[in-house]
Amino acid sequence: MRTLHKMFLAMVMVAPTVCHAQIKCPWMNEATAGGFLGGKVTLSVTVNEHGDGACDFSRQQAAAIRHLHITVNTMSDVPKEFPTYLAQCPAKSAALRAIGNEAVFCTVQGGSDAYSARVVGRVRAQAFVVDVSSTVQNDPSLTQEMRRERDNLAAELIAGILF
């Protein structure tokens, strides 16, 4: 009986750490993001009570830090607000079909993630931005073509979830 009490006490002490809720990204899980970035990722999430916010998945491998960054925001006036999201890409960016509404693709250079593929789009009144980036210009594990391909696929998934 005494052993049973000790086991119960140990379970009660461990339960808070086991039951502690981890914040999850509402648009993608860590396994899927890991597939895009080539392995285990860390996750940073900032989402408000309305479901707007951002998820940043990152993976460091040698000198390269790779990110998959997702931002989703609800717009109250789509015709007025969405052009500010589209402005994150140059005016002549490639239009993408079948990825939400009015989605465009562009390559962005500069900032801490110097080499990034970006998709900006919307589903109804929700604007989304998806970036796949690497801090290394000629990253052999995430080339420019791979960033574009993975960014487009990630944007398809996000748009599908938002529908």
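A brief structural summary. The structure presented is a predicted model; accordingly, all values stated were derived computationally and were not measured.

**Let's talk about the environment of Arg150**
Turning to step 1, where the next piece is worked out: Tracing the backbone through its elements, the reader meets Arg150 in helix α4 (residues 144-162).
Turning to step 2, where the next piece is worked out: What makes Arg150 buried here is its relative accessible area of 19%.
Turning to step 3, where the next piece is worked out: Between the C-alpha atom of Arg150 and that of Val130, which follows or precedes it by 20 residues, the distance is 10.0 Å.
Turning to step 4, where the next piece is worked out: Dropping the residues within four chain positions of it, Arg150 is found in contact with Phe36, Val132, Ser141 and Leu142.
Turning to step 5, where the next piece is worked out: Side-chain polar atoms of Arg150 contact the backbone oxygen of Phe36, separated by 2.8 Å.

**Points about the side chain of Asp52**
Turning to step 1, where the next piece is worked out: Along the polypeptide, Asp52 turns up in the loop between β1 (42-47) and β2 (53-61).
Turning to step 2, where the next piece is worked out: Here Asp52 is buried and forms no salt bridge, its nearest opposite-charge partner Arg124 lying at an N-O distance of 13 Å.
Turning to step 3, where the next piece is worked out: Separated by 2.8 Å, the side chains of Asp52 and Thr74 make a polar contact.
Turning to step 4, where the next piece is worked out: Ignoring any residue separated from it by four or fewer positions in sequence, one finds Asp52 in contact with Trp27, Thr46, Val47, Val72, Asn73 and Thr74.

**Digging into the pairing of β1**
Turning to step 1, where the next piece is worked out: Examined bridge by bridge, β1 and β2 share six bridges and lie antiparallel to one another. Along β2, the bridge assignment pairs Thr46 with Ala54.
Turning to step 2, where the next piece is worked out: Remark: five residues form the turn of the hairpin made by β1 and β2, two consecutive strands paired antiparallel; Gly51 in that turn has positive phi of roughly 90°.

**Some words on unusual backbone geometry**
Turning to step 1, where the next piece is worked out: Positive phi is not limited to glycine here, since Ala98 has a value of about 65°.
Turning to step 2, where the next piece is worked out: Its relative accessible area of 78% is what places Ala98 among the exposed residues.

**Concerning the environment of Val123**
Turning to step 1, where the next piece is worked out: Here Val123 lies in strand β6 (residues 115-123).
Turning to step 2, where the next piece is worked out: Its relative accessible area of 1% is what places Val123 among the buried residues.
Turning to step 3, where the next piece is worked out: With 20 residues separating them along the chain, Val123 and Ala103 place their C-alpha atoms 9.2 Å apart.
Turning to step 4, where the next piece is worked out: Look past the residues within four positions of Val123 in its chain and what remains in contact with it is Gly100, Asn101, Phe128, Ala159, Leu162 and Phe163.

**A few points about the pattern of salt bridges**
Turning to step 1, where the next piece is worked out: Here the structure, examined in full by the defined rule, presents four salt bridges.
Turning to step 2, where the next piece is worked out: Close ionic contact of Arg122 with Glu102 constitutes a salt bridge, the shortest N to O distance being 2.7 Å. Residue Arg122 is found in strand β6, and its partner Glu102 is found in strand β5 (residues 101-109); the two are separated by 20 residues along the sequence.
Turning to step 3, where the next piece is worked out: Assessed through its relative accessible area of 16%, Arg122 is described here as buried.

**Observations concerning the sheet that holds strand β3 (residues 64-74)**
Turning to step 1, where the next piece is worked out: Here seven strands make up an open sheet; going across it, the order is β1-β2-β3-β7-β6-β5-β4 and the pairing antiparallel. The sheet terminates laterally at β1 and β4 (94-95), the two strands that pair on one side only.
Turning to step 2, where the next piece is worked out: Here helix α3 (residues 78-86) sits on the sheet and contacts β3, β5, β6 and β7 (126-134); the angle it forms with β6, its principal contact strand, is near 170°.

**Comments concerning the state of the cysteines**
Turning to step 1, where the next piece is worked out: Applying the stated criterion across every chain, the model contains two disulfides.
Turning to step 2, where the next piece is worked out: Each sulfur of the disulfide joining Cys25 and Cys55 lies 2.2 Å from the other. Given an S-S torsion of about 100°, the disulfide between Cys25 and Cys55 has right-handed geometry. Residue Cys25 is located in the loop between α1 (2-19) and α2 (30-37), and its partner Cys55 is located in strand β2; the two are separated by 30 residues in the primary sequence.
Turning to step 3, where the next piece is worked out: Cys25 sits in the buried class, given a relative accessible area of 10%.
Turning to step 4, where the next piece is worked out: Here Cys89 pairs with Cys106 through a disulfide, and the sulfurs are 2.0 Å apart. With the S-S dihedral at roughly -65°, the linkage between Cys89 and Cys106 falls on the left-handed side. With Cys89 in the loop between α3 and β4 and Cys106 in strand β5, the pair connects residues that are 17 residues apart, well separated along the chain.

Cut-offs applied
Residues numbered from 1 in each chain as written. Predicted model: local features only at pLDDT ≥ 70, side-chain atom pairs only at ≥ 80, totals over all residues. Heavy atoms only, no water. Helix = DSSP H or I, 4+ residues; strand = E, 2+ residues; numbered from the N terminus. Buried < 20%, exposed > 50% of the residue type's maximum accessible area, 1.4 Å probe, protein only. Contact = heavy atoms within 4.5 Å. Polar contact = N/O pair within 3.5 Å; in protein donor to acceptor, adjacent residues only side chain to side chain. Lys, Arg positive; Asp, Glu negative; His and termini not counted. Salt bridge = Lys/Arg side-chain N within 4 Å of Asp/Glu carboxyl O. Pairing = 2+ DSSP bridges. Axes fitted to C-alpha atoms, helices over the stretch in contact; angles between N-to-C directions. Disulfide = S-S within 2.5 Å.

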